[in-house]
Amino acid sequence: MLTIAIASLSGGQGKTTASLMLGRLLSRQGYPTLLIDADPQHNLTTYLDLELQTNQPTLLEFLKKSVSAENSIYPSEGNENLFLIPADDQLDTIQDYLSNSGVGATLLKRRLEPIANTFKVCIIDAPPQRSQICLTVLGAADSLIIPAEASVKGYGSLVRTLDLLRTLQDIGATDAQVMGVLPFRDRWIGNTQTHESRAAVDGMRDEVGEALILPSIRESERYKQAINRRSTLSDLGYPELEYPFAVLIDKISKLAKAKKKKTKS
Ligand SMILES: Nc1ncnc2c1ncn2[C@@H]1O[C@H](COP(=O)(O)OP(=O)(O)OP(=O)(O)O)[C@@H](O)[C@H]1O
Ligand SMILES: [Mg+2]
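Presented here is an overview of the structure given in this document. (Residues numbered from 1 in each chain as written. Chains lettered and ligands numbered in written order. Predicted model: local features only at pLDDT ≥ 70, side-chain atom pairs only at ≥ 80, totals over all residues. Heavy atoms only, no water.)

## A short note on a positive patch on the surface
(1) Moving on: A cluster of basic residues, Lys120, Lys257, Lys260 and Lys264, forms a positive patch at the surface.
(2) Moving on: Tracing the backbone through its elements, the reader meets Lys120 in the loop between α5 (104-112) and β5 (121-125). (Patch = residues over 30% accessible without salt bridge, like charges linked within 9 Å, V, L, I, M, F, W, Y side chains within 5 Å. Areas by Shrake-Rupley, 256 points an atom, 1.4 Å probe, with all protein chains shown as cover. Salt bridge = Lys/Arg side-chain N within 4 Å of Asp/Glu carboxyl O. Lys, Arg positive; Asp, Glu negative; His and termini not counted. Charge placed at Lys NZ, Arg CZ, Asp CG, Glu CD. Helix = DSSP H or I, 4+ residues; strand = E, 2+ residues; numbered from the N terminus.)

## Quick word on the site of ligand 1
(1) Moving on: With respect to spatial proximity, 19 residues lie near ligand 1, and among them Gln13, Lys15, Thr16, Thr17 and Arg218 are the closest.
(2) Moving on: A distance of 3.3 Å separates an oxygen atom of ligand 1 from a polar atom in the side chain of Gln41.
(3) Moving on: Between ligand 1 and Arg218, the relevant distance is 2.8 Å, taken from a nitrogen atom to a main-chain nitrogen or oxygen of the residue.
(4) Moving on: Coverage of ligand 1 by the protein chains reaches 87% of its 640 Å² of free accessible surface. (Near = heavy atom within 4 Å. Polar contact = N/O pair within 3.5 Å; in protein donor to acceptor, adjacent residues only side chain to side chain.)

## Comments concerning α5
(1) Moving on: Buried within α5 we find Gly104, Leu107, Leu108, Arg111 and Leu112. When α5 is viewed along its axis, its buried side chains cluster within an angular range of 120° and face the same direction.
(2) Moving on: If you follow the buried residues of α5, they end up packed against β1 (2-6), β2 (33-37), α3 (59-64), α4 (94-101), β5 and α6 (132-140). (Buried < 20%, exposed > 50% of the residue type's maximum accessible area, 1.4 Å probe, protein only. Arc of directions from axis to C-beta. Contact = heavy atoms within 4.5 Å.)

Interpretation note: all reported values are geometric properties and have no functional meaning in isolation.
In structure tokens form, the structure reads like this:
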């Protein structure tokens, strides 16, 4: 199983949008995919229409090991091959548990080991703060996708996320490598990219290099429509808007194969 964190250290950078769209597309292409909602705001759980009773297990119980892994994984209705470990607002209470455990950064990674052969890809929607949850998410990841708004705020979010990643890499708390930076809400007027978007994407390119800049997600109501209608962009008649995800799926497929080979040898 290839574990991918979708992280960016500000709100509204496209983490949940990217997690949801990638999850839907990967599962449709036949990849058994596990989504993990690691944000106490639990938008991903909401978008997948999972209505949990208060006593039903979530990521909180999965991390605390108070239920078996299988009991905290839910199928996603209408999406064969797509599964979810959901969150609710109680997830915030895990912060102290993680910091007191002494092994917080490796906890999620260890919990995922027993189910590593059940799924091909695991996608984790990280919280927007540099919290204990964020650290355990990065600790579990093989790869990192960093969505960042094509704006001054988004550029700052990318810089802070890279800074955290490097710190964790330096102390051996994660092996994650950046798969790509996904410019989000890239604004164009007709055929012209706005000055702010262009400057932000240029700045992102300077940070990570051309090879890691993914095709942008354009500013468009279509994405919101797809999310709200529980649909994909191609089902709504806009397959061209799915191009950034097609590029990502190609990268994911290659990395998943390489990991499988490495695990076998
Ligand atoms: N292409 C788009 N153009 C404009 N708005 C979009 C687009 N795609 C998604 N949105 C909207 O942008 C908002 C922020 O996106 P999203 O929720 O994915 O960010 P996030 O990083 O998960 O935020 P948070 O840190 O709060 O969890 C959402 O309201 C979403 O519906
Ligand atoms: Mg979100």
